[in-house]
Each structure stands twice: as structure tokens, then as C-alpha cells.
Amino acid sequence: MTTHPKGSRALVLLTSVFGPYAQDDQFGSRSINPMELYHNQVTRVQGAFSLRMFHRSWGIMMIQQNISAPTTVLDFPTRKAFERELTSHRYDVVGISSIIVNVGKVREMCRIVRRLSPGSQIVVGGHVAAIPGLNRMIDADHIVRGEGIAWMRRYLGEDPEAPIRHPQIVSGYGLRVMGLRIPDMHGSAAATIIPSVGCPMGCNFCTTSAFFGGKGKHLDFYKSGRALFDVMCEAEAGVKARSFFIMDENFLLNRDRAMELLDCMRREGKSWTFYVFSSANAIRRYTMEQLVELGISWVWMGLESPRSGYSKLNGADTVRLAGELRSHGIKLLGSTIVGLEHHTPENIGPEIEHAVTHDTDFHQFMLYTPVPGTPLYHEMSEQGRMLDGVDLADIHGQYKFNFQHAAIPRDESKRLLDWAFRLDFERNGPSLYRIFRTTMEGWRRYKDHPEPRVRERIHWEARQLKGIAAACLWAMERSVQRTNQALREKVRALRREIEKEFGTMSRAASLLAGPVLLWTSRMEERRLARGYTYEPRTVIERRNWADAET
């Protein structure tokens, strides 16, 4: 690599691709693939009860924090905002980060840079870099595959091995549910912590594992529990966080690090809440008491299929594990793959039924999808099973197969995926209801726990039960009373249990706020029926900018 001639004095722009994101357009945006993680892949059929929020582009935030050059992060720009930024400052380097489906926007942004800022070097990174022949599709000077911090440091003549400085990242913003926009209160949202990238499990369809080296490989930014603890203390002080979304593909797999973190928390009396990713076999290395003391409140776990053969599920009774986690107040997001190699028209229905019996608080269904760069993509390509003419914008796992499945037609894959989401929603109800149910389980079991840290966390997590939960459930009852009587009875039973436990405040919330939420929910359903979509706001952040102005 040739170091940029200005080194760390270069003026750097780091940007995500331009919007809109939830509308069909010529650059690859799709209404079916909005920039909302939960509504896109998890709660998509839940209507007004769907969890709607946006998450920042954490990769470019990490790079900005770890270079000394004057740097602007432009997140979720409009096309005009991107053009305005290019003409307002003379950038030496323009870095564009993207996932594969947005390659059309990357191509267009490269064209814009060449036209408006011809002196800029264009660097493209993110999962889009995994596309074979990308250098022939876009006009970029550098394409970065893999971890970008060390690359950018080398490019600017800085030490690639320097310690990683973690930015203070508020996990989500723009939360909307039941037709109401929830204000972004300082300290109310979780902080995102990124201990590592990659995943040692190496599932053949996993883009993250493949992008950072493949099976058995990952890169730790923070190898010890003590180092993680220090980063969390900084986030606690900076953004007033007491809950943390830990963006590590299998956080609990490193038991020594997790237990060292717990020791630090015990010594300092921290009653933090953690939302983590973990495999079933990693979870089984802990007792439920250890998970509760550590503050594990929410787990994203791959269920895939009972016959999938992935090592992370070896010997795991996932239905039993899901029930056990819920009984201890730990919410579970289960992820099931539709269209695995062994699936046929005869067995896929029962397997989806099996997935739904887990009764997880959230359930993600994704199509088995050979994405460029993954072992599955290479395997399907070698077998000649990749379908011709499938736009890269449509291989996000929520539309149709992009390969020739042995037994299931492409159009049938979409029907099966949609049916899986609907079945889970009809059987188990809105995820919002399930969250309240599991939180109540944790409250009953641990509200009088002898460890003050645990009691404090449980009481903090139950704050919604004492207030708005009963009103939300009141509105849910009436929303489903004509379409799903069995669900209505479950929702009513939970509401009455909460009102009995928390008394006057909860009952008052039902009577006063319940009708309001029913009205806002119905208004939201009408908006959605008209095709209304939500878009993230543009964020501009500058660092070391005084150096750029001198």
C-alpha cells in the first residue's frame, strides 16, 4: 500500500450510502429492505406493534475515533447532503462504507466524487468489498476487505497496532412503537460496545465470519474483561448508559473474559444490563445464576434448524433452553434459516412449526442465501447453482432465493418466509407483549435477590411494567379481540397480573393511556397501509476538525 502523501494531515470524509433506504429506486434501495434492523428482519409483520428504530454505521465511527487525521463522519446522508459536503470542504480522502445490496449507490457516489471532488482518493470498504470483480463495477482507488481501522492507519502513515479507542455509541435512535415516537432521552438507550469482529464458529452462510477471515478466525479489540469494563465505564460516564448492546458475534463463547468482566462489576457494584449474541453451546457453559449476575438480559441466538448440523447447536435442546432463559427473565431473539439444503416441501412446514414452538421474545427468519464472499457462495458457484439475473440489491435474505434450491422453487421461498413470520406472530403475539411477559418472569424470580446489584438491575428493567406496560397491553387486547381470541386472553392475563403486582399506577395507566395507544396504533396501521415509510436522519460528526481549519 502507498501511504497518502499528506499522511495524517489528510482531510478525511467517511460516509455511509445516501438515502432514501425504504423505497424502490434505480440505485438498489428496496421498500422490503428498510434501514431498520428489527422491522426489516424480526418484527416486520407486526404492524403498529413492530419495533422501529435506526442504528448508526458503527464501522466508520470506529475508524474516525482511531485515526488522528481531521475527519468527518456523514451517516445516512441524502444525495444532496453528500454533494454539499464534498463542495464545502476539499477532502483528500473519501471513504464509503456499504453492505452488498447497496453497491449501486456506491457506484453512484464514486461518480459524484469524481465529478465534484476530483482530487479526492476514494476508499470503499464494508461488506460490499466481498463482491467478486467489484473493482470493475465501481471507480474507486482502494477497496478494503476486512477490518478497516488498521488499513486506514497504515494508509495515513499511523501505527496500525496502536490500542483501539472506542467511540461512545448510542445503540439505537428514533424508536417508534404503537404509532408513537419515543423521545431520545439521554441515558435511556443502550450504548454499543464492539469487543471484536468476526466469528470463530464460521457458519457457511455467515457474511461476518467470512469477511473477517472465516471459520476459526476473529479479531479481538479488547481481550480482557478488565479492558471491556473500562470501556463501559467511559460509556456510562459519557452517555449515561447503564445498558450495553455488545456487538460481538458470540460474546459468551469467551468465558474467561466474561467472568473477569463479572468480577470487575462485583468489585465496583455495577448493575449493568447486557444485550448479547451467543450460541446455544456457549450459553450452556454458564449457570443461569451466573448469567443473571453478569446482567445478561437479552440474547440473540441462532436456532437455524434442528437438523442443520452446525457445531454451535451440538447437543442443545433449544426449546428447553429458550424456556429456561425466559423463566429467568432473559429475553431471547431466535434466528431460524428457511431453505437449508435438507429442506423439502414435506419437511419445511414442520420445521417452521418447530421454530415457532420456541416462543422466543423475537424471532428472525432469514432465507438460506449464498452471499458473495461466504463459503456457501463459493460452493453454489462451483456447482453452477447461482441464478443468473438476480440483482445484488435483492440478496438480503428477506425476498427470494438467489440460487437453485434442490427442492424448493424461488417463488415458493418468499411464500414460506412470509408464512413463518405470520405464524410466529399469530401464535406468540407481538414481541412487545413477549418482552413484558419475560420481564415479569424475571421480576417475580429476582425482585428480592440477596445480591444488591441484581436487585437494582431487575427493578430498573421492571420500570416499564410499573408504568406504560399495562396501557400497551390494554390496547393490544382490543386490537386482536376480533382476529385472535387466544392471544387476547394471554395478553389480558398478563395485564391483570401486572396491575395486581404494581397496583394503582398500572391500573391508572390502563384506563388513561390505554385508549390513547389504541388510537395511535390504529392511525399507524392506516399510515402503513398507505405505504408510509420511515427514514433515519442525517448525522454529521467532526473530529480533530481544528486541524483542518488551520
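Basis of the calculations
- Residues numbered from 1 in each chain as written.
- Predicted model: local features only at pLDDT ≥ 70, side-chain atom pairs only at ≥ 80, totals over all residues.
- Heavy atoms only, no water.
- Helix = DSSP H or I, 4+ residues; strand = E, 2+ residues; numbered from the N terminus.
- Buried < 20%, exposed > 50% of the residue type's maximum accessible area, 1.4 Å probe, protein only.
- Contact = heavy atoms within 4.5 Å.
- Areas by Shrake-Rupley, 256 points an atom, 1.4 Å probe, with all protein chains shown as cover.
- Lys, Arg positive; Asp, Glu negative; His and termini not counted.
- Charge placed at Lys NZ, Arg CZ, Asp CG, Glu CD.
- Pairing = 2+ DSSP bridges.
- Right-handed = clockwise from strand over helix to strand, strands pointing away.
- Core = buried A, V, L, I, M, F, W, Y, C linked by side-chain atoms within 4.5 Å.
- Axes fitted to C-alpha atoms, helices over the stretch in contact; angles between N-to-C directions.
- Parallel < 35°, antiparallel > 145°, perpendicular 65-115°, else oblique.
- Nonpolar A, V, L, I, M, F, W, Y, C, P; charged D, E, K, R; others polar.
- Polar contact = N/O pair within 3.5 Å; in protein donor to acceptor, adjacent residues only side chain to side chain.
- Salt bridge = Lys/Arg side-chain N within 4 Å of Asp/Glu carboxyl O.

**Considerations on the overall build of the chain**
And step 1. Scanning the chain for helices and strands turns up 22 helices and 18 strands.
And step 2. C-alpha atoms of the chain, sized along the principal axes, occupy 70 × 55 × 45 Å.
And step 3. Split into buried and exposed, the 550 residues of the chain put 59% on the buried side.
And step 4. Counting contacts in the chain only where the partners sit at least 6 residues apart, residues at least 24 apart contribute 75% of the total.
And step 5. Carbon and sulfur atoms make up 50% of the accessible area of the chain, which totals about 22,500 Å².
And step 6. The distance from the centre of the 73 positive side-chain charges to the centre of the 62 negative ones in the chain is 4 Å.

**Examining the pairing of strand β17 (residues 362–367)**
And step 1. Among the six residues of β17, six are classified as buried, and the element is accordingly described as predominantly covered.
And step 2. Here β17 shows two buried faces, one formed by F362, Q364 and M366 and the other by H363, F365 and L367.
And step 3. Of the pairings in the sheet, the one linking strand β16 (residues 331–338) to β17 comprises six bridges and is parallel in character. The partner of S335 across the bridge, within β17, is Q364.
And step 4. In this fold, the crossover linking β16 to β17 by way of helix α13 (residues 348–356) has right-handed handedness.

**A short note on the nonpolar core**
And step 1. Counting 75 residues, the largest nonpolar core has F244, L252, F274, L291, L294 and I296 as the members making the most contacts within it.
And step 2. Membership of the second largest hydrophobic core comes to 36 residues, among which are L74, V94, V128 and A129.

**Here's the deal with the sheet that holds strand β15 (residues 296–304)**
And step 1. The mixed open sheet is built from seven strands, whose spatial order is β7-β10-β13-β14-β15-β16-β17. At either end of the open sheet lies a strand with only one pairing partner, and these are β7 (169–170) and β17.

**Observations concerning the packing of helix α20 (residues 485–502) against helix α21 (residues 504–529)**
And step 1. It is at 6 Å that the axes of α20 and α21 come closest, and there the two elements cross at 135°. Relative to α21, the element α20 lies oblique. Of α21, the residues touching α20 (which contributes R495, I498, E499 and F502) are T504, M505, S506, R507 and S510.
And step 2. Class assignment for the residues of the contact of α20 with α21 results in three nonpolar, three polar and three charged.

**Focus on the side chain of K270**
And step 1. Considering the arrangement of structural elements, one finds K270 in the loop between α9 (255–268) and β14 (273–277).
And step 2. Among the residues examined, K270 registers a relative accessible area of 19% and is labelled buried.
And step 3. Within the local environment of K270, its side chain forms a polar contact with the side chain of E236, the two groups lying 2.7 Å apart.
And step 4. If we skip the residues at most four places from it in the chain, K270 touches F229, C233, E236, M265 and R453.

**Overview of the pairing of strand β13 (residues 243–246)**
And step 1. Alternating positions in β13 separate into two faces, S243 and F245 on one and F244 and I246 on the other, with burial throughout.
And step 2. Pairing geometry for β13 and β14, over three bridges, is parallel. Within β14, the position partnered with F244 by the bridge is F274.
And step 3. Remark: the β13/α9/β14 crossover connection has right-handed handedness.

**As for the environment of E293**
And step 1. In this fold, E293 is placed in helix α11 (residues 288–294).
And step 2. For E293, a relative accessible area of 15% translates into the label buried.
And step 3. Each C-alpha atom of the pair E293 and Q168 lies 25 Å from the other, and the pair is 125 residues apart in sequence.
And step 4. Among residues more than four places away in sequence, those in contact with E293 are L262, M265, R266, R453 and V454.

**Side note on the pattern of salt bridges**
When their charged atoms lie close together, side chains carrying opposite charge are able to pair.
And step 1. Considering all chains together, one arrives at 40 salt bridges under this definition.
And step 2. Of the charged contacts, one joins K414 and D418 as a salt bridge, the two residues approaching to 2.5 Å between their closest N and O atoms. Here D418 and K414 lie together in helix α15 (residues 410–428), a separation of four residues that amounts to about one turn.
And step 3. For K414, a relative accessible area of 18% translates into the label buried.
And step 4. E501 is paired through a salt bridge with K447; the nearest N and O atoms lie 2.7 Å apart. A residue pair is termed long-range when its members are at least 10 positions apart, and E501 in helix α20 and K447 in the loop between α16 (431–446) and α17 (452–461) qualify at 54 residues.
And step 5. The class for E501 is partly exposed, based on a relative accessible area of 32%.
And step 6. When salt bridges that share partners are traced, they join R79, E83, E108, R111 and R115 into one network.

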